[in-house]
Amino acid sequence: MKKTKNRWLIAASAVGIHISIGSVYAWSNFTNPLIEQFGWTSKEVQLTFSLAILFLGLSAAFLGHFVEKHGPKKAGLLAAGFFGAGMLGAGLAVNMGSLPFLYITYGVLGGIGLGVGYIAPVSTLVKWFPDRRGFATGLAIMGFGFAAAVASPVMDGLIKSVGTANTFFILGAAYLIIMTLSSLYLERPPADWAPEGMKEKAAAGKIKIKQDLVQLTANEAVKTSRFYYLWIMLFINVTCGIAILSAAKPLAQESIGLTTAEAATLVGVLGIFNGLGRLAWASISDYIGRPNTYTIFFVSQIALFLLLPITKEAILFQIMLAIVYTMYGGGFSSIPAFIGDVFGTKQLGAIHGYILTAWAAAGLAGPMFAAWMKDSTGSYASSLTSFAGLFVIALIVSILIRFDIKKLRKQNEASERMAG
């Protein structure tokens, strides 16, 4: 009989993949060295990062079915191949001095690796942790959030000592090895598997195993209103959060008069709250439920986004920004468990991939809207008030999904009574 793998080592493998691909958030380390070396504009260099995030969303959507069909191990190896090739190819692009080749390697190939690498371990973890879905997905996605903090000083040190191209080569090889080794341990749990003692406790009435509402395929899920409710909720949370992320430094300088150095330090500290929020909120969602978690996000952020523009007290302003950052991260980490609750785990990876298109769309919409408002009005304050209005829409949607869930639960109860 085949030995069942250790679910905590599965979780560690998921973190290994996410901490590798999450290094994309440290891209800004390459911006100035590339501008200085080749005379490219900031906009041209930044497009590399934008392409990577765009292809993350697209590949997550289109390759979600690959994850379901071939399993997390093959999907993880595919991600390792693409992301590794993207990094190593970026080194070649720098040696050639070719910006289009940098777009193709890091932007397109690396971006495809990002998308597959993001969903493959997460959809697997949900199945290994039926008792702590939020915590497990939060753990992996926290790795993605914290990756920039780990990668930034390494990238900075390598660029200074061995140059930009060699930094891409060294990190590309390292990430390829880490992701390959992590992927080789990934596996789905056996059918009807449960953690030790869980079934016995349920039989003894000590715990109640929460059943998924339904088991739908990805193509069935997109025909339900629940799918679009989740998409809109994620889109609004990410649009507003990513706009704050992109403008945090000038916003802090403009609102509470921080110096450039102080604002830069604040952005670094806020990144830690983004990472911590991913684990904390996803874990909390295991206890209070996913609908309640998202309602807390939206009610809190309506208030915070209205208060931020009129807050001049520096400490209070920074605390409020930190809370927004935790909820931005928490929105990402709670969504896979929410998908499992309302669609089941049958094709969770593919459904997650479809819903992540909200991230790709928000990545373009949020920063552009914040920049447009700044150019139009001369400050970021007006865009924050507009985002508070968007959160009102998100709150309404989070209430609508509750009615949908309630209706489905009643149908399930009626079916059980008829079967009994």
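Residues numbered from 1 in each chain as written. Predicted model: local features only at pLDDT ≥ 70, side-chain atom pairs only at ≥ 80, totals over all residues. Heavy atoms only, no water.

- An unreviewed UniProt entry lists the chain under the name OFA family MFS transporter, with Cytobacillus pseudoceanisediminis given as the organism.
- Among the UniProt annotations of the chain, the heading Subcellular location (unreviewed entry) holds the following wording: "Cell membrane". (UniProt positions renumbered as here; feature names shortened; annotations may be inferred.)

1. Section: the overall build of the chain
Thinking step 1. For the chain, the count of helices and strands is 16 helices and zero strands.
Thinking step 2. Compactness check: the chain gives a C-alpha radius of gyration of 22 Å against a globular reference of 22 Å for 420 residues, within 12% of the reference.
Thinking step 3. Principal-axis analysis of the C-alpha atoms gives the chain an extent of 75 × 55 × 35 Å.
Thinking step 4. When the 420 residues of the chain are sorted by exposure, 53% land in the buried category.
Thinking step 5. Relative to all contacts within the chain whose residues are 6 or more apart in sequence, the contacts with residues 24 or more apart total 83%.
Thinking step 6. Carbon and sulfur atoms form 66% of the exposed surface of the chain, whose accessible area is close to 17700 Å². (Helix = DSSP H or I, 4+ residues; strand = E, 2+ residues; numbered from the N terminus. Rg over C-alpha atoms; globule rule 2.2 N^0.38 Å. Buried < 20%, exposed > 50% of the residue type's maximum accessible area, 1.4 Å probe, protein only. Contact = heavy atoms within 4.5 Å. Areas by Shrake-Rupley, 256 points an atom, 1.4 Å probe, with all protein chains shown as cover.)

2. A closer look at the side chain of Ser 283
Thinking step 1. Along the chain, Ser 283 turns up in helix 11 (residues 260-288).
Thinking step 2. Classification of Ser 283 as buried rests on a relative accessible area of 18%.
Thinking step 3. Not counting residues within four places of it along the chain, the set of residues in contact with Ser 283 comprises Gly 134 and Phe 135.

3. Quick look at the packing of helix 3 (residues 42-62) against helix 5 (residues 99-128)
Thinking step 1. Interaxial distance between helix 3 and helix 5 falls to 7 Å at its minimum, and their mutual angle equals 35°. In this structure, helix 3 meets helix 5 at a crossing whose hand is right-handed. The residues of helix 5 that touch helix 3, namely those facing Glu 44, Leu 47, Thr 48, Leu 51, Ala 52, Phe 55, Leu 56, Ser 59 and Ala 60, are Leu 99, Leu 102, Tyr 103, Tyr 106, Gly 107, Val 108, Gly 111, Ile 112, Leu 114, Gly 115, Val 116 and Ile 119.
Thinking step 2. In terms of residue class, the contact of helix 3 with helix 5 is made up of 15 nonpolar, five polar and one charged. (Axes fitted to C-alpha atoms, helices over the stretch in contact; angles between N-to-C directions. Left-handed = near helix turned anticlockwise from the far one by under 90°. Nonpolar A, V, L, I, M, F, W, Y, C, P; charged D, E, K, R; others polar.)

4. Digging into a nonpolar patch on the surface
Thinking step 1. On the surface, a nonpolar cluster with roughly 500 Å² of combined accessible area is contributed by Leu 54, Leu 58, Phe 62, Leu 364 and Met 368.
Thinking step 2. For the nonpolar patch, the secondary structure elements donating two or more residues are helix 3 and helix 15 (357-377).
Thinking step 3. Among the elements that make up the nonpolar patch, the one with the highest residue count is helix 3 (three residues).
Thinking step 4. Residue position: Leu 364 is located in helix 15. (Patch = residues over 30% accessible without salt bridge, like charges linked within 9 Å, V, L, I, M, F, W, Y side chains within 5 Å. Salt bridge = Lys/Arg side-chain N within 4 Å of Asp/Glu carboxyl O.)

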